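# Report on the structure
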Amino acid sequence: QVQLVESGGDSVQPGGSLRLSCAASGYPLDHHAIGWFRQAPGQEREGVSCISSSDGSTVYTDSVKGRFTITRDSAKNTVYLQMTSLKPEDSAVYYCAADPGKDWCRNYNNYDSFYFPSTGQGTQVTVSS
């Protein structure tokens, strides 16, 4: 069983930066596609970014391209989401999920399709002046 716990959320002003962490236990994250998702109040959960297990390729939803970067630290068994130039519309609870599928990032916008969902509470990001 893969355990996934998010951290790093905070309250920041517009234009600020945060780095979210998705720490895993139970299985090497190198063997999984890892997706980041977010859900704002009253809205559906949406895919934000994904990093594949096969070649480390990444995908981003259009609204975060050029501002967010997803990376993997194999030694720490952790995937990060570096967020810069934050906007109020980035405010949400952020979750990560994992899937052993090689090309699973093609499903990056479908949280329910990932085999291992978050086992944490997500991490809150609030962007406000």
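The rules behind the values
- Residues numbered from 1 in each chain as written.
- Predicted model: local features only at pLDDT ≥ 70, side-chain atom pairs only at ≥ 80, totals over all residues.
- Heavy atoms only, no water.
- Helix = DSSP H or I, 4+ residues; strand = E, 2+ residues; numbered from the N terminus.
- Contact = heavy atoms within 4.5 Å.
- Pairing = 2+ DSSP bridges.
- Salt bridge = Lys/Arg side-chain N within 4 Å of Asp/Glu carboxyl O.
- Buried < 20%, exposed > 50% of the residue type's maximum accessible area, 1.4 Å probe, protein only.
- Phe/Tyr/Trp six-rings, centres within 6.5 Å; stacked < 30°, edge-to-face > 60°.
- Lys NZ or Arg CZ within 6 Å of the ring centre and 35° of its normal.

## Considering unusual backbone geometry
- Unlike most non-glycine residues, N77 shows phi in positive territory, near 50 degrees.
- Note on placement: N77 falls in the loop between β7 (68–73) and β8 (78–83).
- Its identity is not glycine, yet S85 carries a phi of approximately 50 degrees, on the positive side.

## Focus: the environment of S25
- With respect to the helices and strands, the residue S25 is situated in strand β3 (residues 18–25).
- A C-alpha to C-alpha distance of 28 Å links S25 and R67, two positions 42 residues apart in sequence.
- Here S25 is in contact with Q1, V2, Q3 and N77, once residues within four sequence places are set aside.

## Some points on the sheet that holds strand β4 (residues 33–39)
- Pairing in this open sheet of 6 strands is mixed, and the strands run β2-β10-β9-β4-β5-β6 from one edge to the other. Both edges of this open sheet fall to β2 (11–12) and β6 (58–60), since each of them pairs with a single strand only.
- With 5 bridges connecting them, β4 and strand β5 (residues 46–51) associate as antiparallel partners. Bridge pairing in β5 links F37 to G47.

## Focus: the pattern of salt bridges
- For the structure on display, the rule yields 4 salt bridges.
- A salt bridge links D90 to R38; the nearest nitrogen and oxygen atoms lie 2.9 Å apart. Taken together, the residues span a long stretch of sequence, with D90 in the loop between β8 and β9 (92–99) and R38 in strand β4 at a distance of 52 residues.
- Overall, D90 belongs to the buried group, its relative accessible area being 1%.
- For R38, a relative accessible area of 5% corresponds to the buried category.

## Points about the pairing of strand β1 (residues 3–7)
- Residues of β1 alternate between two faces, with L4 and E6 buried on one and Q3, V5 and S7 left unburied on the opposite face.
- Where β1 and β3 come together, 5 bridges link them in antiparallel fashion. Its bridge partner lying in β3, S7 is registered against S21.

## Side note on the packing of aromatic side chains
- A full pass over the atoms with the stated rule returns 4 aromatic pairs.
- Seen in terms of ring centroids, F37 and F114 are 5.3 Å apart; in terms of plane orientation they differ by 85 degrees. Their pairing is edge-to-face. Of the two residues, F37 is situated in strand β4 and F114 in the loop between β9 and β10 (123–127); the sequence distance between them amounts to 77 residues.
- F114 gets classed as buried once you look at its relative accessible area, which sits at 4%.
- Grouped by ring-pair contacts, the aromatic residues F37, Y95, Y111 and F114 constitute a single cluster.
- A cation sits over an aromatic face here: R19 above Y80, 4.0 Å from the ring centre.
- We note R45 situated over the ring of Y95; from NZ or CZ to the ring centre the distance is 4.4 Å.

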